[in-house]
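Structural overview
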Amino acid sequence: MELRNLILVSLRSSYILCLIHIALLFRSTYAADPTANFDLEYSYITVSPLGVSQQVIAVNGKFPGPILNVTTNYNVVVNVKNKLDETLLVTWSGVQMRRVSWQDGVLGTNCPIPAKGSWTYQFQVKDQIGSFFYFPSLNFQKASGGFGPLIITNRVIIPLPFAIPDGDIVLMIGDWYTRNHMELRTALDDGKDLGMPDGVLINGKGPYRYNTSLVPDNIAYETINVEPGKAYRIRVHNVGVSTCLNFRIQNHNLLLAETEGYYTSQQNYSSVDIHVGQSYSFLVTMDQNASSDYYIVASARFVNQTVWQRVTGVAILHYSNSKGKASGPLPDATNDVYDTSYAINQAMSIRQNVTASGARPNPQGSFHYGSINVTNTYILQSLPPTVIDGKVRATFNGISFVQPDTPIRLADKFNVKGAYKADFPSKPLSGPARMDRSVINGTYKGFIEIIVQNNDTVVQSFHMDGYSFFVVGMSYGIWTENNRGSYNRWDAISRSTTQVFPGGWTAVLVSLDNSGAWNLRAENLDRWYLGQETYIRIVNQDEDNTTEFGAPDNVLYCGALSSMQKRTQHSNSPLSTTLFGQASMYFMPLFAGLLMLL
């Protein structure tokens, strides 16, 4: 009996020491990283950005929503309160949430936050810098607002590859309809095209009245106040529905410095095409004589300019010593109606700065991506919307995606059969288009090539959640293997959203080093809503609980697991619950062994 007691005392002591060791391990791993806490309340407000009173989605009573400003490696906790009358999810465009696709905020990874409910997002912006934004991903809600900027700044020990700007300015541009998102999605459900937008907003405001016949009186417009001789970092996000916008500032050069988290080779542009979902940082020096204010313009591209004259956003750049208001015609956008190569040449001129440090205290380099062997190639073909089972739908490779009732990794965790099928084709199907829940079964640590072949009639944006990819090639025509000879294999820009021109293709390379289930989609909101998306499921078969965090304690349940959902709430200590979930993987075998001996 005494021997048994001695053994138990020894086991208890060993167990306690093991707990202390693991606690210290987790503390040393995460305690040094600060936490940034935010509360975002989604509600409806009434505004008139284009002179017509309409209901929009506000965040904390603001349209657009507030700036979320954090520093690289911060732990981010966002408490979202949904005061809308429908379900909600918030996604984080361009943010590479490492090992936590549970926080991605799209239906394939999260159950929706119910109306009048709340939920806490928790993730770390590990080794990231740059300009991003958040927006609602469900129910076409982004067309009514709900978006806002997310800025991830360098740690002070990491030098910028340019002089520290005198100020930081955010511009959220996008096409806009005076119909709200519910009316727009009803039109799509009825098989109708959305038609021409009613205008372009800049920071939620309509155009300055540069033309009395095109712009009504008494429309509020955005004014950016600057000091002469100073340099500013201007972050521009296209948060619109489906229109590429040409961005320019009258008489000022745009020195491109960063896009979606990566520093670029610094080049001057007079104007830049910014496609739906894309983000850019420009360095702009206020070097003009301020004889008057200057126009900031965002105008529609790749459309009939004569018909689309009203689809133009105009803000004002106001020097503190300005002598008068801006007047006269707007500065011209690029006129390349008969030179379709211009847009592609500009896109491919955006290169990565391979000598600059990114989020780490050493030059990031090209990662030698051009010499890595490709393990799989996927050709994603988009066609104009077609009728499938009596509904107008959009497709990739002949499949229009149907959202799973149970999110993918949640279905994996609880062995829910039939939630999805890991059989997405690597090239276009030859048979009739169909609706399905097909996803790509990715190989962890694989290095894949994705060709997006746009056989639709409109320019599109292609986006990948959880990752950045190298944009190595872009052209018109049908992609063939011979096109690989034209790839940029040294300094291609790394980003999360790229354009694909109608009748053309874009090639990207990406390393699958982030476990989880990640959304691949058309960023054009109408095509996305109609099913032009899939997911790539990446699971480490040698899982040791370090390449992907488990489901957080506040995970929402839906679909086949609806009965497990009790209530939605904020997590009291969300980061610690995630970490405890990981630590429990180690604790439980110890508990079991101890109990067996008692």
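What you are looking at is a predicted structure, and each value in this text was computed from that prediction instead of being measured. (Residues numbered from 1 in each chain as written. Predicted model: local features only at pLDDT ≥ 70, side-chain atom pairs only at ≥ 80, totals over all residues. Heavy atoms only, no water.)

1. Digging into the confidence of the model for the chain
Considering every residue of the chain, the mean pLDDT works out to 89; 87% of them sit at 70 or more. Confidence drops under a pLDDT of 50 for residues 6-11, and excluding neighbours within four residues, the segment shows four contacts in the predicted structure. (pLDDT = per-residue confidence, 0-100. Contact = heavy atoms within 4.5 Å.)

2. Describing the pattern of salt bridges
This structure, assessed with the given rule, holds 20 salt bridges. As a salt-bridge pair, Lys421 and Asp436 come within 2.9 Å of each other at their nearest N and O atoms. On the criterion of sequence distance, the pair formed by Lys421 in the loop between helix H4 (408-413) and strand E24 (434-436) and Asp436 in strand E24 is long-range, its members being 15 residues apart. The exposure class assigned to Lys421 is partly exposed, which follows from its relative accessible area of 37%. With a relative accessible area of 12%, Asp436 lands in the buried category. The residue Asp456 makes a salt bridge to Arg527 at a minimum N-O spacing of 2.7 Å. (Salt bridge = Lys/Arg side-chain N within 4 Å of Asp/Glu carboxyl O. Helix = DSSP H or I, 4+ residues; strand = E, 2+ residues; numbered from the N terminus. Buried < 20%, exposed > 50% of the residue type's maximum accessible area, 1.4 Å probe, protein only.)

3. Observations concerning the side chain of Ser322
Along the polypeptide, Ser322 turns up in the loop between strand E19 (312-319) and helix H3 (341-349). In terms of polar contacts, Ser322 uses its side chain to reach the side chain of Asp293, at 2.7 Å. Sequence-distant contacts of Ser322, that is, excluding residues within four places in its chain, are made with Ala290, Ser292 and Asp293. (Polar contact = N/O pair within 3.5 Å; in protein donor to acceptor, adjacent residues only side chain to side chain.)

4. Thoughts on the packing of aromatic side chains
Considering all chains together, one arrives at 23 aromatic pairs under this definition. Taken together, the ring pairs connect Trp92, Trp119, Tyr121, Phe123 and Tyr134 into an aromatic cluster. A cation over an aromatic ring shows up here: Lys413 above the ring of Phe414, its NZ or CZ 5.6 Å from the ring centre. Positioned above the aromatic ring of Trp528, the side-chain terminus of Arg521 is 4.2 Å from the ring centre. (Phe/Tyr/Trp six-rings, centres within 6.5 Å; stacked < 30°, edge-to-face > 60°. Lys NZ or Arg CZ within 6 Å of the ring centre and 35° of its normal.)

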